[in-house]
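So you can see what is in the structure, the chains are spelled out below.
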Amino acid sequence: MPVIDGGLAVAALLSSSSPTARLEAARRWTAGGLLSLALGCGEAEGTEPVDPVPSQPSAVRRALAQEPRGPATAFAMRRAGDGAERSATSGASDEDGSNPAAVASAPLVVVLTHDAEGKPFTDASHTSPGLPPDHPHAEPRAFQPVEDPKGVLVPFYQALARTDAKQPGAITRVTHLGDSSIGHDGLPHAIRTRMQDRFGDGGAGFVLIDRTEDTNYGSKVATITTAQPWETCFLTNLCKRDGYYGLGGHTFWANGEATSTVATMNHGAYGTTASHIELWYMAQPRGGRFKVRIDRNPAEVVPTRADAVEDRWHAIDVEPGAHSITISAAGGGQTRAYGLVLETDGPGVVWESVSMIGAFTKRLHGFDHDHIAGQLAHRAPDLLVLNFGGNDLRRMVSNQVSPAGYEKEYGEGLQRLLTQQPLPCLLVGVIDHGRSGSYDVAPAVVDTMIETQRKIAFEHGCAFFDTVAAMGGSGSLRKWRQRSPTLAEPDLKHLNGRGRDLMGNLMYQALVAGYESFRHQQAPSTPPDPPRAKSTTSVAQ
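Quick summary incoming for the structure in this document.

Our next topic: unusual backbone geometry. Where the residue is not glycine, phi is negative for most of them; where a peptide bond is considered, it is trans in most cases. Across the junction of Gly346 and Pro347, the peptide omega takes the value -5°, indicating a cis bond. Checked against the element boundaries, Pro347 lands in the loop between strand S16 (335-343) and strand S17 (348-355). Phi angles above zero are rare outside glycine, and Ala138 is one such case at about 70°. Looking at where Ala138 falls in the secondary structure, it is placed in the loop between helix H4 (100-105) and strand S4 (146-147). One non-glycine residue with positive phi stands out, namely Leu492, at about 60°.

Quick look at the structure:
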């Protein structure tokens, strides 16, 4: 069935002049009890309200939510073949290896009808993914839509609806990974602040326990200090053959002493409170012990010795408020951690991010397949956002990789992240570049990369955001650098603080416009919580 404007509407269903007829046509088109919603540019009048598609269960999170927890609980997920439970929703994927979330949510096609403030769009050209012919070159667009031809963002919108309705404990979680385009939490924080202003503060989410010696990482919603440094490896360097880099592509270990403290922010409006804390770590033969101390309370000892390598999580619930968490290696063998989660009781949004500066997209191949699948299954984000490709432009310019080769590389990386767990995903295209590494980058190369990334997103069941179109077309970055005040760094590879804030606002507007359109096109009642599923982890003894 043909799709208009990158998937904003279904052409065959929009040919009817009556909204009621379009809705009825959508219902008749649906096979096997699946519901498709294609309302065109207006809401149907005098029709039955459309029931929302049930969102995918967050297997681990829902299971944990229904089980009573004491002051601290540890969870474990073993490597495949070690006898661990397998998720009821994992292990099934499309025949072509694409994202099962695309199949799960494909029945609902959201037509972009409303902006982020819930006001109807009046000019269809404003919602087209492509630049209008008369748009001034290098002029930022007022609005750039997310392209979602398979409706994979519907479960994300449903999660936002529960959060928006202030359902108790309704936290919408977004995991944002990428290269220096999200470095030091710049772009993600621009989105996070707007999301949390609109929907509430769900906390900092997943953060690292050390900033790493080369300052690869920074957080704007948690403070991280190190008294005795940890040994560190992150995915860009492929320095761990076992592929166990944790959710954020970083791992920290100590054979002797190491101590760091992660704390809520003591200033500002974001990341200032937490009520749920979770240490993410590896258990292994000859593993040592962690000490975890909350504020000035006595430290809890967390043993990490196990018969085989497995991922574990040590959860601690605390009174809502400001807290500091000190993690120390306490001897007895090697201790190895991935990060820490800080969340509130909700309702609210978590927009967590970890940057891997300098990473080629193919570095995603460095994750052990079952390990990263288990990390994502435990975190169960409502949306996975990926920002890669800027470093790969130099490889295209120098003919080290072809568009087809890059497509294959990114596809293999996505299979590691998506095939084991139905997961809504958004691929963010590269920003315009004037340079990459030591190479000049022509606008035609940027255009090729954007088209390749769009193709990758759709083939693997993800939505896509065209950052270059949002900027005003390829070749924009040099002019963004010349603007007053400037919006780009002098290296012609990155946006500066103002540019990142502008782009973050455009991404926020796009996502919330999709949510508002979804909200106006389905039943006014709030979607119920997803059914609680059995935990995919076993309780560590």
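Having seen the model, we can carry on.
On to the sheet that holds strand S15 (residues 324-329). Spatially, the 5 strands line up as an open sheet ordered S7-S10-S15-S12-S13, and their pairing is antiparallel. Each end of this open sheet is capped by a strand with a single partner; those strands are strand S7 (223-228) and strand S13 (300-303). Neighbour-to-neighbour, the strand axes of the sheet open up by a mean angle of 20°, direction not taken into account. Pairing geometry for strand S10 (residues 259-263) and S15, over 5 bridges, is antiparallel. In the sheet register, Ala263 faces S15, and the bridge partner there is Ser324.

This part covers the layout of surface pockets. Of the pockets and cavities examined, the second largest pocket occupies roughly 510 Å³. Listed by contribution, the elements that provide at least two residues to the lining of the second largest pocket are helix H6 (186-199), strand S20 (435-436) and helix H13 (497-520). For the lining of the second largest pocket, the residue count by class is 8 nonpolar, 16 polar and 6 charged.

It is worth spelling out the packing of aromatic side chains at this point. Tallied over the full model, the rule gives 10 aromatic pairs. Here Tyr157 and Phe518 contribute two aromatic rings whose centre-to-centre distance is 5.9 Å and whose plane-to-plane angle is 35°, an arrangement assigned as tilted. Separated by 361 residues along the polypeptide, Tyr157 in helix H5 (residues 154-164) and Phe518 in helix H13 bring together distant segments of the chain. For Phe518, a relative accessible area of 1% gives the class buried. For the pair Trp280 and Trp313, a centre-to-centre distance of 5.7 Å together with 85° between the ring planes defines the contact as edge-to-face. Of this pair, Trp280 sits in strand S11 (residues 274-283) while Trp313 sits in strand S14 (residues 310-321), and the two are 33 residues apart along the sequence. Comparing Trp280 with Trp313, the two get one shared label, buried. Chaining the aromatic ring pairs together yields one cluster made of Phe156, Tyr157 and Phe518.

Going through the model one piece at a time under the given rule, you end up with 2 disulfides. Here Cys233 is linked by a disulfide to Cys239, with a sulfur-sulfur distance of 1.8 Å. Linking Cys233 and Cys239, the disulfide has an S-S dihedral of approximately 110° and is accordingly described as right-handed. Accessibility expressed as a relative area gives 37% for Cys239, which makes it partly exposed. Disulfide partner of Cys425: Cys462, at an S-S distance of 2.0 Å. Measuring the twist about the S-S bond at about -95°, one finds the Cys425-Cys462 disulfide to be left-handed. Here Cys425 is found in strand S19 (residues 425-428), whereas its partner Cys462 is found in the loop between helix H10 (443-459) and strand S22 (463-465), with 37 residues between them in sequence. Look at Cys462 and you get buried, because its relative accessible area is 3%. When the bonded cysteines of the protein chain are counted from the start of the sequence, the pairing works out to 1-2, 3-4.

Moving on to the pairing of strand S12 (residues 289-294). Judged by which residues are buried, S12 turns out to be one-sided: Phe290, Val292 and Ile294 face inward and are buried, whereas Arg289, Lys291 and Arg293, on the alternate face, are not. Here S12 runs beside S13; their pairing, made up of 4 bridges, is antiparallel. Counted as the bridge partner of Arg289 is Pro303 from S13. Pairing geometry for S12 and S15, over 5 bridges, is antiparallel. In the strand pairing of S15, Lys291 is matched with Ser328.

Thresholds applied
Residues numbered from 1 in each chain as written. Predicted model: local features only at pLDDT ≥ 70, side-chain atom pairs only at ≥ 80, totals over all residues. Heavy atoms only, no water. Helix = DSSP H or I, 4+ residues; strand = E, 2+ residues; numbered from the N terminus. Pairing = 2+ DSSP bridges. Axes fitted to C-alpha atoms, helices over the stretch in contact; angles between N-to-C directions. 1 Å grid on protein atoms, 1.4 Å probe; cavity = no way out; pocket = protein on both sides within 12 Å on 5 of 7 lines; lining within 4 Å. Points joined across faces, edges and corners; volume = space filled by probe spheres on them. Nonpolar A, V, L, I, M, F, W, Y, C, P; charged D, E, K, R; others polar. Phe/Tyr/Trp six-rings, centres within 6.5 Å; stacked < 30°, edge-to-face > 60°. Buried < 20%, exposed > 50% of the residue type's maximum accessible area, 1.4 Å probe, protein only. Disulfide = S-S within 2.5 Å.

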